[in-house]
Amino acid sequence: MHVLAIVSQKGGTGKSTLAFSLAVAAEEQGLKTSIIDIDPQGTTKKWYSRREAETGPEVNALSVNQLEAAMPLLRKQGVQLVIIDTPGADVPGVPAAIQLADLCLIPARPSVADIEASAPTVSAIHRLGKPFSYVLNQCPPGRSIRTTDAFRVLQLTGAVASTPLAMRADHMDALATGQGVTERDPNSKAAGEIRELLIWTLNRMEGKPHGQKQTRVA
Ligand SMILES: Nc1ncnc2c1ncn2[C@@H]1O[C@H](COP(=O)(O)OP(=O)(O)OP(=O)(O)O)[C@@H](O)[C@H]1O
Ligand SMILES: [Mg+2]
């Protein structure tokens, strides 16, 4: 069972959006997937309550105290991928999620503010000795110097996912309708980017070289 924590103390970077769309895409690839929402704001839990599809990931909203005990239960249920959606704040749940993770994904918009604000998150991950990767999100669609520059800066950390996610209305619509972007429009660019990010992330968690693939934006 792999555990992916999506973390960044900066609000609104796309943690919940990545959690549910990656989870739906993973289910579509045949991976039994469960999301744990430890954010009291409950964005992913509310997304789940709007969901009409009978298939797809389960979402459990848990407190930080319940987090560790949930892992053996999920493993027993045959869950192959757990995605933990965390709050955009410096609260005790975040280190607890990092501690359980095989990989932490840090979504960041291609802005100096997001990249600067990620420093405490990266420090917490380093303290706990966990692997991490940035993923650029809400990038201007198409080729953009902003995306390329941010990618190059993050590349200096040695850890940035090769697939930047563009700002696309499909993500907002998927949040509103309880879908993943791959369900909403399987042929959309947003769906393609999420599938690519999923493969990159699974490869990285399994130590496969595809995780080192060069970016499409550079
Ligand atoms: N790639 C994207 N394209 C368009 N909209 C996006 C994208 N990613 C996220 N959003 C939108 O940005 C807003 C914030 O996203 P989300 O709630 O996933 O962020 P978050 O990091 O979980 O926030 P918080 O820190 O408050 O938990 C939402 O309205 C979401 O639909
Ligand atoms: Mg959120």
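Each value, and the rule that gives it
Each chain carries its own residue numbering, running from 1 in the direction its sequence is written. Think of it this way: whatever chain is written first is A, whatever ligand is written first is 1, and the rest follow in order. Local features in this predicted model are restricted to residues of pLDDT 70 or higher, and side-chain atom pairs are both shown and tallied only at a pLDDT of 80 or more, whereas totals for entire chains, interfaces and linings draw on every residue. To get the side-chain values, take all heavy atoms of the structure and skip hydrogens and water. In DSSP terms, a helix is any run of H or I states spanning at least four residues, a strand is any run of E spanning at least two, and both are numbered starting from the N terminus. With a 1.4 Å probe rolled over the protein chains alone, any residue whose accessible area is under 20% of its type maximum counts as buried; one over 50% counts as exposed, and the rest are partly exposed. In what follows, a contact means two residues having at least one pair of non-hydrogen atoms within 4.5 Å. We call two N or O atoms a polar contact when they sit within 3.5 Å, provided that within protein one can donate a hydrogen and the other can accept it, with sequence-adjacent residues counted only if both atoms are side-chain atoms. In this text, buried Ala, Val, Leu, Ile, Met, Phe, Trp, Tyr and Cys residues form a nonpolar core when linked through side-chain atoms within 4.5 Å. A pair of strands counts as paired when DSSP detects no fewer than two bridges linking them. Helix axes are fitted only over the stretch in contact, all axes being lines through C-alpha atoms; the angle between N-to-C directions runs from 0 to 180 degrees.

- With an unreviewed UniProt entry as reference, the protein is termed Chromosome partitioning protein, source organism Methylorubrum thiocyanatum.

**So, the environment of R168**
Then, in step 1: Residue position: R168 is located in the loop between α7 (145-155) and α8 (169-177).
Then, in step 2: Overall, R168 belongs to the buried group, its relative accessible area being 17%.
Then, in step 3: Linking R168 and G178, residues 10 residues apart in sequence, is a C-alpha distance of 16 Å.
Then, in step 4: Contacts of R168, omitting those with residues within four sequence positions, involve P141, K189, A190 and E193.

**Digging into the side chain of T33**
Then, in step 1: Relative to the assigned elements, T33 resides in strand β2 (residues 33-37).
Then, in step 2: T33 sits in the buried class, given a relative accessible area of 2%.
Then, in step 3: One polar contact links the side chain of T33 to the main-chain carbonyl oxygen of L31, over a distance of 2.8 Å.

**Quick word on the nonpolar core**
Most often, soluble globular proteins have nonpolar side chains that are buried together.
Then, in step 1: V7, I36, V82, I84, C104, F132 and Y134 are the most contacted members of the largest nonpolar core, which has 33 residues in total.
Then, in step 2: Elements with a minimum of two residues in this core: β1 (2-6), α3 (64-76), β4 (81-85), α4 (93-100), β5 (103-108), α6 (119-127), β6 (132-136) and α7.
Then, in step 3: No other element matches the 4 residues that α3 contributes to this core.
Then, in step 4: Ranked by size, the runner-up nonpolar core spans 30 residues in total, among them W47, L81, L103 and A161.

**As for the sheet that holds β1**
Then, in step 1: The sheet built from 6 strands is open, its strands ordered β3-β2-β4-β1-β5-β6 with parallel pairing. Bordering the open sheet on either side are β3 (58-61) and β6, each of which pairs with just one other strand. In this sheet, adjacent strand axes meet at a mean angle of 25° when their direction is disregarded.
Then, in step 2: Packing against the sheet, α3 makes contact with β1, β2, β3 and β4, and its axis sits at approximately 170° to β2.

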